[in-house]
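Reading the structure
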Amino acid sequence: MSLPNLLYRSSIVCLLVGAVGCSLSSITDSAKTTDGELVDPKVVESKEGAQWIYLGAVAKFYHEVTGLMLMNVGRFTDEIALLSTKNQAGLDARINVSTTTPGNRVLAGIGNIHSVKVQLEQAIQLVSKHHGPAGNAILAHSYGLLAMTYLSVGDNFCSGIAMSVSNYGGELILGPGLSTDSIYARAITAADKGLALAVDSVPLTRFLKGLKARALNATGKYKAAADLTSDIPDDYVISELFQPSAPGLSTDFQYGSRVAYTENYNVINGKGGNGLEWIAMNPADQDMRIPIRLGTSGVPILPVNTDFPFDNRRISFFSGAEARLIEAEYYLSIDNPTEFMKKINAVRRLYKYRSGAVLADTVDPGSHDARVDLLFRERAYTFYMTGRRLGDLRRLTKYYGRDPETIWPTGRSEGQQFIVYGDNYVFVPEFEGLGSETNFNPNYKGCESYEP
């Protein structure tokens with residue numbers, strides 16, 4: 001394994017604020033190895049080597065889970081659209097292509113996400129072995145990233161995904177196809193393991209409790225999720241501006257990433273007929289949870305190329321806003337509109353219009369179905385381009401009974417080819433001959449369903 005594959009040229013710093021046992025200056029200072037140089041196994045099997053593996057796992061997590069996957073989710077849903085000058089080949093979309101014939105199928109990258117899981121698990125094994133209790137902060141953070149990796153799989157991929165285990169040293173445990181709920185259960189288990197190690201770090205504890213709450217909320221356990229978020233303040237956020245130099249993080253900022261490869265995409269209102277209205281008609285009324293830029297005439301224009309605002313934007317792993325929206329969903333589930341609206345408006349007050357004014361409170365729409373619409377609209381705006389949207393659309397179908405054809409893009413797709421959107425509502429798994437699980441795991445039977 002080459003060193004750049006471990007470290008992505010060491011574009012990571014270890015800044016676990018308030019945590020113990022996370023001094024990696026000697027590791028990051030020595031990241032001057034040329035491309036192609038191999039890692040000596042004797043170095044890996046050491047305290048220093050375990051930290052290298054941890055850094056490499058974090059780097060891969062950034063690239064796959066909080067980089068490319070966010071673009072995949074945005075494109076698959078209504079958040080972003082392919083520019084009319086771009087060809088759709090090789091891009092994720094809910095397009096009407098074969099789900100069985102290699103070469104006629106769009107691959108969403110489960111193999112890449114799985115490799116993140118494997119590297120995080122190996123980092124946990126090596127840090128546990130070589131650091132002991134002094135590595136608890138690194139371990140807690142690694143379990144958090146592992147939980148986020150499972151959340152990404154549960155939110156975005158079809159039920160039936162296999163998650164084999166490859167332990168450091170060569171032991172391979174072939175896994176069965178797992179239901180979506182089983183994937184979320186693994187996220188909860190990972191978060192619990194991290195919580196047991198993060199008792200001395202308030203930021204890490206809030207981070208892990210938030211991730212556990214996300215998994216519980218995704219499976220309809222609204223009260224259990226809300227109970228976990230009650231002590232997370234409104235202004236809490238955990239993320240990081242992804243830069244190889246000094247990030248300048250504040251006390252509650254940890255790790256994050258940027259959205260990548262934005263030059264092929266745009267933002268449009270009403271994508272595929274069912275998409276939300278992301279861009280306000282009056283520039284002053286633009287909700288700045290959806291960052292746009294203004295043209296010379298003062299009219300909002302679609303952010304493209306180098307002006308696209310998501311490059312180097314902080315991507316929230318968990319925040320006080322998400323905590324309040326989880327609590328709002330609990331109050332929705334018990335038909336308490338008063339507390340539901342309090343939580344909705346508490347979130348809105350955290351954000352501004354382009355005019356600079358704080359977002360105005362909204363009013364109770366008056367019915368359960370309308371409150372569902374309001375909740376998921378507020379979630380869509382609050383979590384714009386953070387990888388939450390596809391999971392929310394699936395939950396709207398599974399737990400709220402919405403017809404998927406009324407919430408996913410329909411009709412002709414964007415881009416050059418104008419392919420018709422198909423009936424595939426989830427990211428497709430590996431297909432035969434192109435993926436480690438399909439090639440080597442006889443327990444893996446493929447996607448159980450392309451339904452939400």
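Each value, and the rule that gives it
- Residues numbered from 1 in each chain as written.
- Predicted model: local features only at pLDDT ≥ 70, side-chain atom pairs only at ≥ 80, totals over all residues.
- Heavy atoms only, no water.
- Helix = DSSP H or I, 4+ residues; strand = E, 2+ residues; numbered from the N terminus.
- Contact = heavy atoms within 4.5 Å.
- Areas by Shrake-Rupley, 256 points an atom, 1.4 Å probe, with all protein chains shown as cover.
- Axes fitted to C-alpha atoms, helices over the stretch in contact; angles between N-to-C directions.
- Parallel < 35°, antiparallel > 145°, perpendicular 65-115°, else oblique.
- Left-handed = near helix turned anticlockwise from the far one by under 90°.
- Phe/Tyr/Trp six-rings, centres within 6.5 Å; stacked < 30°, edge-to-face > 60°.
- Lys NZ or Arg CZ within 6 Å of the ring centre and 35° of its normal.
- Buried < 20%, exposed > 50% of the residue type's maximum accessible area, 1.4 Å probe, protein only.
- Salt bridge = Lys/Arg side-chain N within 4 Å of Asp/Glu carboxyl O.
- Arc of directions from axis to C-beta.
- pLDDT = per-residue confidence, 0-100.
- Nonpolar A, V, L, I, M, F, W, Y, C, P; charged D, E, K, R; others polar.

Bringing the overall build of the chain into the picture now. What the chain contains, in helices and strands, is 14 helices and 10 strands. Considering only contacts in the chain between residues 6 or more positions apart, those separated by 24 or more positions represent 72%. Put simply, the chain shows about 18000 Å² of open surface, and 53% of that area lies on carbon and sulfur atoms.

Time to look at the packing of helix α10 (residues 320-333) against helix α11 (residues 337-348). Interaxial distance between α10 and α11 falls to 8 Å at its minimum, and their mutual angle equals 160 degrees. Between α10 and α11, the angle falls in the class roughly antiparallel. The handedness of the crossing between α10 and α11 comes out as left-handed. On α11, the residues that touch Ala321, Arg324, Leu325, Glu327, Ala328, Tyr331 and Leu332 of α10 are Glu339, Phe340, Lys343, Ile344 and Val347.

Turning our eyes to something else, we now look at the packing of aromatic side chains. Within this structure, the stated rule accounts for 9 aromatic pairs. Three or more aromatic residues link up through ring pairs in this structure, and these residues are Phe61, Phe207 and Phe317. Lying across the ring of Tyr351, Arg289 places its NZ or CZ 5.5 Å from the centre.

On to the environment of Ile407. Along the chain, Ile407 falls in the loop between α13 (389-400) and α14 (436-440). When its relative accessible area of 11% is taken as the criterion, Ile407 is described as buried. The contacts of Ile407, once residues within four sequence positions are left out, are Asn274, Leu393, Leu396, Thr397 and Arg402.

Our focus in this paragraph is the pattern of salt bridges. Applying the stated rule across the entire model yields 27 salt bridges. One salt bridge in this structure joins Lys271 and Glu414, with 3.5 Å as the shortest N-O distance. Taken together, the positions of Lys271 in the loop between β7 (265-266) and β8 (293-294) and Glu414 in the loop between α13 and α14 put the pair 143 residues apart, joining distant regions of the chain. Notably, a salt bridge pairs Arg371 with Asp335, separated by 3.9 Å at the nearest N-O pair. With Arg371 in helix α12 (residues 368-382) and Asp335 in the loop between α10 and α11, this pair connects stretches of sequence that are 36 residues apart. With relative accessibility at 9%, the residue Arg371 sits in the buried group. Here Asp335 falls in the exposed class, since its relative accessible area comes to 54%. Each member of the salt-bridge network shares a partner with another, and the members are Asp287, Arg289, Arg348, Arg377 and Glu378.

Before going further, it helps to spend a moment on helix α9 (residues 222-229). Among all positions in α9, only Tyr222, Ala225, Ala226, Leu228 and Thr229 are buried. Along the axis of α9, the buried residues cluster in a sector spanning 155 degrees; they form a single face. The elements touched by buried residues of α9 are α8 (202-218), β10 (318-319), α10 and α13.

Per-residue pLDDT for the chain has a mean of 77; in total, 73% of the residues score no lower than 70. Across residues 302-313 the pLDDT falls below 50, and counting only partners more than four positions away or on other chains, this stretch makes 42 contacts in the model.

This next bit is on the environment of Gln125. When you line up the elements, Gln125 lands in helix α5 (residues 110-131). Sequence separation of Gln125 and Ala50 is 75 residues, and the distance between their C-alpha atoms is 8.6 Å. Once residues lying within four places of it in the same chain are set aside, the contact partners of Gln125 are Asn167 and Tyr168.

The subject of this paragraph is the packing of α8 against α9. Two numbers describe how α8 lies on α9: the axes approach to 8 Å, and their chain directions differ by 165 degrees. As the angle between them shows, α8 and α9 are arranged roughly antiparallel. Here the hand of the crossing between α8 and α9 comes out left-handed. Across the interface between the two elements, Lys209, Lys212, Ala213, Leu216 and Asn217 from α8 touch Tyr222, Ala224, Ala225, Leu228 and Thr229 from α9. Classifying every residue of the contact of α8 with α9 gives 6 nonpolar, 2 polar and 2 charged.

If you check the backbone angles, Asp335 has positive phi at about 60 degrees while not being a glycine. Of note in this structure, Met385 is not a glycine but carries a positive phi near 55 degrees. Tracing the sequence through the fold places Met385 in the loop between α12 and α13. A residue is classified by how much of its surface remains accessible, and Met385, at 0% relative accessible area, is buried.

What follows covers the environment of Thr397. Within the fold, Thr397 resides in helix α13. Separated by 55 residues in the primary sequence, Thr397 and Pro452 have C-alpha atoms spaced 6.8 Å apart.

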